[in-house]
Amino acid sequence: MMDFRSLPFVANATPAGGDPSYLAASYTAATGSSTAITRPAGATAGDTLCAFVFATSPNPDPATSSPPTDWTAGTGLDTGGGGARAFFAAGDVSALTFDTTGAGGVFCFAVRGASSYTHALTGTYWGDSPGPNFPAPSVTAATGDLVASLYVQAGGGAGSGVIDGSGFEADYTRSELENTTEPRYSLLTRASAPAGATGDIDHAANDSNYATRFGLTVAFSA
């Protein structure tokens with residue numbers, strides 16, 4: 001019933017060189033208050049990891065959870081019906097155990113060739129507002145950035161549905177999709193993005209009202 005959007009967050013990552021490109025992703029279901037995630041395949045020194053910790057029930061704790069050693073805590077969000085937070089680290093970071101108090105799971109993806117990033121996070125609590133489709137937020141990209149946009153349908157009632165297999169944002173590739181059971185998620189990526197605001201990014205979650213939903217968009221710069 002509530003819709004939230006954070007201010008963009010900008011940070012520096014370890015310089016990696018090369019043009020930013022999507023590498024791989026992993027999803028790890030939370031195991032109580034502490035969860036060791038799986039490093040995305042192939043991620044190593046010079047790459048950048050983005051981990052997204054989110055609640056699958058009305059628990060705000062993930063919004064203020066602390067980062068593991070050598071991770072940078074980004075934007076946190078409490079929708080009033082669930083919390084989420086983004087974290088960033090070098091691809092070879094040794095600490096992979098997250099505080100998952102109140103969390104349902106951790107989605108982590110790896111990017112190659114990025115030296116900085118900016119991101120925005122939005123979310124909505126269970127209900128029919130703002131409507132069936134819930135896009136991920138806009139960020140401002142520089143020419144050549146890799147834009148990665150994550151939609152997470154954390155949990156819902158009988159009225160929540162699946163993510164459409166097609167009809168998502170033009171010029172993006174659907175790099176990851178879990179559509180069998182909740183939490184459902186979609187990761188869209190766009191290499192060599194043009195400069196300027198991306199605009200809200202449509203994941204074709206067109207039958208997903210009556211679900212707690214989060215949207216995270218990150219622009220990775222070389």
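Quick look at the structure, then.

Procedures and definitions
Residues numbered from 1 in each chain as written. Predicted model: local features only at pLDDT ≥ 70, side-chain atom pairs only at ≥ 80, totals over all residues. Heavy atoms only, no water. Helix = DSSP H or I, 4+ residues; strand = E, 2+ residues; numbered from the N terminus. Rg over C-alpha atoms; globule rule 2.2 N^0.38 Å. Contact = heavy atoms within 4.5 Å. Areas by Shrake-Rupley, 256 points an atom, 1.4 Å probe, with all protein chains shown as cover. Lys, Arg positive; Asp, Glu negative; His and termini not counted. Charge placed at Lys NZ, Arg CZ, Asp CG, Glu CD. Phe/Tyr/Trp six-rings, centres within 6.5 Å; stacked < 30°, edge-to-face > 60°. Buried < 20%, exposed > 50% of the residue type's maximum accessible area, 1.4 Å probe, protein only. Polar contact = N/O pair within 3.5 Å; in protein donor to acceptor, adjacent residues only side chain to side chain.

## Examining the overall build of the protein chain
Helix and strand content of the protein chain: zero helices and 16 strands. The globule rule puts the C-alpha radius of gyration for 222 residues at 17 Å, and the 16 Å found for the protein chain is close to it. Reported as C-alpha extents along the three principal axes, the dimensions of the protein chain are approximately 45 × 40 × 30 Å. Long-range pairs, those at least 24 residues apart, make up 79% of the contacts in the protein chain between residues at least 6 apart in sequence. Carbon and sulfur atoms make up 50% of the accessible area of the protein chain, which amounts to about 8300 Å² in all. If the 8 positive side-chain charges of the protein chain are averaged to one point and the 19 negative ones to another, these points end up 2 Å apart.

## Describing the packing of aromatic side chains
As enumerated under the stated definition, the model contains twelve aromatic pairs in all. With centroids separated by 6.1 Å and ring planes inclined at 75°, the aromatic side chains of Phe52 and Phe214 adopt a geometry described as edge-to-face. Of the two residues, Phe52 is situated in strand β5 (residues 47–54) and Phe214 in strand β16 (residues 211–221); the sequence distance between them amounts to 162 residues. Like Phe214, Phe52 is buried. Relative to Phe98, the ring of Trp71 has its centre 4.9 Å away and its plane inclined at 70°; by these criteria the two rings are edge-to-face. One end of the pair, Trp71, is in the loop between β5 and β6 (72–78); the other, Phe98, is in strand β8 (residues 97–99), and 27 residues separate them in sequence. Each of the two residues, Trp71 as well as Phe98, counts as buried. Ring-pair connections join several aromatic residues into one group, and the members of that group are Tyr27, Phe52, Phe54, Phe88, Phe107, Phe109, Tyr117, Tyr185, Phe214 and Phe220.

## Re the environment of Tyr22
Position of Tyr22 among the secondary structure elements: in strand β3 (residues 21–29). Non-local contacts of Tyr22, meaning those with residues more than four positions away in its chain, are made with Phe109, Ala110, Leu146, Ser175, Glu176, Leu187 and Thr189. Here the side chain of Tyr22 touches Ala25 through a polar contact of 3.3 Å, landing on its backbone nitrogen. A polar side-chain atom of Tyr22 sits 2.5 Å from a polar atom in the side chain of Glu176.

## Overview of unusual backbone geometry
The omega angle of the peptide bond from Glu182 to Pro183 is 5°, so this bond is cis rather than trans. Looking at where Pro183 falls in the secondary structure, it is placed in the loop between β13 (173–178) and β14 (184–193). With a phi close to 60°, Tyr210 is a non-glycine residue in the positive phi region. Residue placement: Tyr210 occurs in the loop between β15 (196–197) and β16.

## Brief notes about the environment of Val218
Turning to its location among the elements, Val218 is positioned in strand β16. Between the C-alpha atom of Val218 and that of Ser138, which follows or precedes it by 80 residues, the distance is 8.9 Å. When neighbours within four sequence positions are excluded, Val218 is seen to be in contact with Cys50, Phe88, Phe109, Tyr117, Thr118, His119, Leu146, Val147 and Ala148.

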